[in-house]
Amino acid sequence: MSKIIATRAIRGAHKIMERAKGELARAQESGGRDMAVSFPDTNYYLPFAYAMLGIKASRVGDLIEIMDYAKSILPKIPDEKVWLPYLGPTLDAGMATLFAEEIIEVLKYAGGDSPTRDYWVGFTTDAILREQGIKLVDGRMPGFAAIVGAAPTTEEAVRIVRELQERRILVFMSAATDGKCIADQLNEAGVQMGWDTFLVPHGRDISSTVYALNFASRAAMTFGGITPKGMKEARDILLYNKNRVHAFVLALGEVDDEKHANAAGAINFGFPAIADTDIDQILPTGVCRYEHVVSPVPREKMVDRAIEVRGLKVTVEKIDIPVPYGPAFEGERVRKPQTGCEIGGKYSKAFELLRLKKADEVENGKVEVIGPELDKVPDGGASAYAMIIDVAGRKMQPDFESVLERRFHTFLSEAMGIMHTGQRDMVWIRVSKEARSSGLLFKHFGVIIHSKLLREFPSIVDKVQARIYTKEEDVLKLLPEAQKVFAERDTRLAGLTDESVDTFYSCKLCQSYAPKHVCIISPEKLGLCGAYNWLDGKAASEINPQGGNEPVAKGECMDITKGQWRGINEYMYSKSEKSVEALNLYSIIDAPSTSCGCFECIIALIPEANGFMIVNRGYSAMTPCGMKFTVLAGSVGGGSQTPGFMGIGRLYVTSKKFISAEGGLKRVVWMTKELKDALADGIRTRARELGEPDLLDKIADETITTDAQELAAYLAKVKHPALTMPPLM
Ligand code: SF4
Ligand code: ZN
């Protein structure tokens, strides 16, 4: 253990503590101990302090309590002559630093000096945390990097983040070197920042580094289902991060005392620090899995070294195309002025189709472009487009066509400069000017699909060939045949019911974060994240029998109304760490499904209305059950069964099996406007089948009321069917 690191980290902690003390004194003077303080849209107070101390801070007085604790663990600045053989004081200094920084940042929100000016995002809301969490869960993001400081040049800054993006690593950016943060450099270079591109600029202030760690603390509480109370839980939260959240710190430029103090804070979470300048190293392992602080590392090796030190397994995908490729580019938008070519949408006729063929009909790797290539389309113009992909494979089934075809969206979007939306004959694609000038062609679309299908579906796909038509007359000629295929598929899918199959599929992908959670996916109930239906589960289990999806035989039926089967119960018991003994697939009151953290919507009981409300993620205002989405999410998640509350995928709402044990759709008394609009057709169809043709209009939304009493009055006025149904409680 190095003496210098300890001294510098402890000295840095003292400086940050002094600052926090000053800010806190000012806040107390202006607003008193009772002045309210909070981060926006979170159910976790000051998340780091809540995680470590269980303090539910909401007023200045609570901050004082946190500060007192921080003071009590802050070590004295060591005498330069004394050799410290252990990490303890440095780690304590790191903790004190994080408490102090969280106080500094939350007071910024209270003082109106918002940390979210320009491109800075400041605090991460719970809604975003959950949305991004699923990417950590399903492996789209193997971990995160907290970059503090700036690179010597803008070019180097861009190169470092591109390296991280290509490795799918989420990047948090904070603090400055000579007044500049790496985010400032990315902004100068015109790099698109935000959650969609995995590049999150927290702030130029050193104290904004705490946002990376309060994100990590909440990950453990949200997905690990740990509720902070005291020391045991605090320890669990830190260990959860060490074992499950693969994060590290990249320190760019001079590492001053304050940065040392933050690195010490991160080490408590098991996150090592890698620096490009010469600072003292902490090599032996202990708190972190391998080394703690490694320096000096040449900048071009930093990302690889960090990955190695954190013990991360990441592969870079190399596809032979002229633009960078990876999930970090999936959410990137191509705006109109940057658009080199429009395809589909309202601009041209376009569709994409995948067909199962016999092995001798497919020439693997063949890509044909019939018609003008992308570089022949006038700048900003449109092109017709029909991409027909032929696939052969011994274990490939017709049912998997749609599963594979649906992935085109992700496959193509992940190329930098391609924005792909929709599917089938509803596709709309934009190719950026930049991608075109890098040499991107239609043939590369085929190259991408070929290599991704073979890579992601190796056990069902043996051969892939692509044909891309870009002449309008060809596309028009081929379209009716494709539409016939789409219609046939839809008919086949509509015929699939829970009764018509004897096997459901499980999904345990979220167990890396919520160890007790299992989704049971039936033809009429999809996974609660909305991303996996029964066919997806079936395909995934064939593709990778050892993966997160397994076939589950229903076995003997125990209760047909509630949807309970012996086989499902036994499976749930053995895969939920013995926490779920029985599961009623169609009930929300009696032994309902468990919820992890990534539900698209939450259904909640409203006792006054004898019914349920449904709120979707992204709706941040109040709901009639008296809780906002984030608060509800906090009480539903973590992998437990919570009678009266349940996370669901939005398409489940229009299923015949939607909480049918409690009476189904007729029980829904309130939904967000957004959800009503999105599901309107499906709800009307179901409502007619249920003999309640006007149901959609009887379901209230936020434009009618968000108050339970008013809701009850409204329901009485419109004669909502829930009022005459058997009492729920
Ligand atoms: Fe998680 Fe369920 Fe979605 Fe699987 S289906 S990823 S377990 S929410
Ligand atoms: Zn989940």
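Here we come to the side chain of Asn214. Structurally, Asn214 can be placed in helix H8 (residues 210–223). Looking at Asn214, the relative accessible area reads 0%, which means it is buried. Residues in contact with Asn214, not counting those within four places in the same chain, are Phe39, Pro47, Phe48, Glu102 and Phe123.

Near ligand 1, the surroundings consist of Cys507, Leu509, Cys510, His517, Cys519, Gly527, Leu528, Cys529, Tyr532, Cys596 and Cys598. Grouping the amino acids of the shell around ligand 1 by side-chain chemistry returns nine nonpolar, two polar and no charged.

Strands pair in a sheet through their backbones, by hydrogen bonds, and they do so in one of two ways: parallel or antiparallel. In space, the four strands of this open sheet follow the order E10-E7-E13-E12, with mixed pairing throughout. The sheet terminates laterally at strand E10 (381–383) and strand E12 (418–421), the two strands that pair on one side only. Across the sheet, the mean angle separating the axes of adjacent strands is 20 degrees when strand polarity is ignored.

Our next topic: the pattern of salt bridges. Applying the stated criterion across every chain yields a total of 49 salt bridges. With a shortest N-O distance of 2.8 Å, Glu105 and Lys108 are connected by a salt bridge. Note that Glu105 and Lys108 are positioned in helix H4 (residues 88–110) at a spacing of three residues, about one turn of the helix. With respect to burial, Glu105 and Lys108 carry one shared label: buried. Here Asp184 and Arg204 are joined by a salt bridge, their closest N and O atoms 2.9 Å apart. With Asp184 in helix H7 (residues 182–188) and Arg204 in the loop between strand E3 (199–203) and H8, this residue pair connects regions lying 20 residues apart in the sequence. Within the structure, one salt-bridge network assembled from shared partners comprises Glu156, Arg159, Glu163, Asp276 and Arg299.

What the rule picks out here adds up to 27 aromatic pairs. With centroids separated by 6.1 Å and ring planes inclined at 70 degrees, the aromatic side chains of Phe123 and Tyr211 adopt a geometry described as edge-to-face. Remark: Tyr211 occurs in helix H8 and Phe123 occurs in the loop between H4 and helix H5 (126–137); sequence separation between them is 88 residues. Comparing Phe123 with Tyr211, the two get one shared label, buried. Ring plane angle 90 degrees and centroid distance 6.0 Å describe the contact between Trp565 and Tyr586, whose orientation is recorded as edge-to-face.

Glancing now at the sheet that holds strand E14 (residues 463–469). Taken in spatial order, the four strands line up as E8-E11-E14-E9 in an open sheet, and their pairing is mixed. The open sheet is flanked by strand E8 (350–356) and strand E9 (367–370), the only strands paired with a single partner. Strand-to-strand twist across the sheet, computed as the mean angle between neighbouring axes with direction ignored, equals 10 degrees. With four bridges connecting them, E9 and E14 associate as parallel partners. Among the inter-strand pairings, Glu368 is bridged to a residue of E14, identified as Arg467.

Core analysis: the largest hydrophobic core is formed by 111 residues, its most contacted members being Tyr385, Ile389, Leu404, Phe445, Leu453, Ile614 and Phe658. Per-domain counts for this core show at least three residues from each of domain 2 (327–494) and domain 3 (503–724). Discounting chain neighbours no more than four positions away, the residues touching Leu453 are Leu354, Ile389, Val391, Leu404, Phe408, Phe411, Pro458, Val461 and Val464. Counting residues in hydrophobic clusters, the runner-up holds 87 residues, among them Ala49, Leu74, Leu107 and Val255.

Here we take up the domain arrangement of the protein chain. Entries for the protein chain in the domain assignment read domain 1 (3–310), domain 2 (327–494) and domain 3 (503–724). Centre-to-centre separation of domain 2 and domain 3, based on C-alpha positions: 33 Å. Summed over both partners, the interface of domain 2 with domain 3 buries about 880 Å², with 56% contributed by carbon and sulfur atoms. When the buried surface of domain 2 facing domain 3 is broken down by residue, Phe400, Val403 and Arg406 rank first, second and third, together holding 38% of it. There are one salt bridge connecting domain 2 and domain 3.

Criteria and cut-off values
- Counting of residues starts from 1 at the beginning of each chain's written sequence and follows it residue by residue.
- The lettering of chains begins at A and the numbering of ligands begins at 1, in the order of writing.
- Only residues with pLDDT of 70 or above have their local features reported here, since the model is predicted, and side-chain atom pairs are shown and tallied only from 80 upward, although totals for entire chains, interfaces and linings are computed over all residues.
- Just so you know, side-chain values use all the structure's heavy atoms and leave hydrogens and water out.
- Numbering of helices and strands runs from the N terminus; a helix is a DSSP stretch of H or I covering at least four residues, while a strand is a stretch of E covering at least two.
- Three labels apply to residues, based on accessible area from a 1.4 Å probe with only protein chains included: buried if under 20% of the type maximum, exposed if over 50%, partly exposed otherwise in between.
- Contact between two residues is taken to exist if any of their heavy atoms lie within 4.5 Å; hydrogens are not considered.
- Being near a molecule or strand, for a residue, means having at least one of its heavy atoms within 4 Å of it.
- Note on residue categories: nonpolar means Ala, Val, Leu, Ile, Met, Phe, Trp, Tyr, Cys or Pro, charged means Asp, Glu, Lys or Arg, and polar means any other residue, Gly included.
- DSSP-based pairing: two strands are paired if at least 2 bridges between them are found.
- Every axis corresponds to a line fitted to the C-alpha atoms, with the helix fit spanning only the stretch in contact, and the corresponding angles, defined between N-to-C directions, vary from 0 to 180 degrees.
- For this analysis, a salt bridge means a side-chain nitrogen from Lys or Arg found within 4 Å of a carboxyl oxygen belonging to Asp or Glu.
- Note on ring pairs: Phe, Tyr and Trp rings are taken, using the six-membered ring of Trp, and paired if centres are within 6.5 Å. Classes follow the plane angle, with under 30 degrees stacked, over 60 edge-to-face and the rest tilted.
- Only buried Ala, Val, Leu, Ile, Met, Phe, Trp, Tyr and Cys residues count toward a nonpolar core, and they belong to the same one when joined by side-chain atoms within 4.5 Å.
- Here the bounds of each domain stem from an automatic or database domain assignment.
- Reported buried area values correspond to the accessible surface (1.4 Å probe) lost by two parts on association, with both partners' losses combined.

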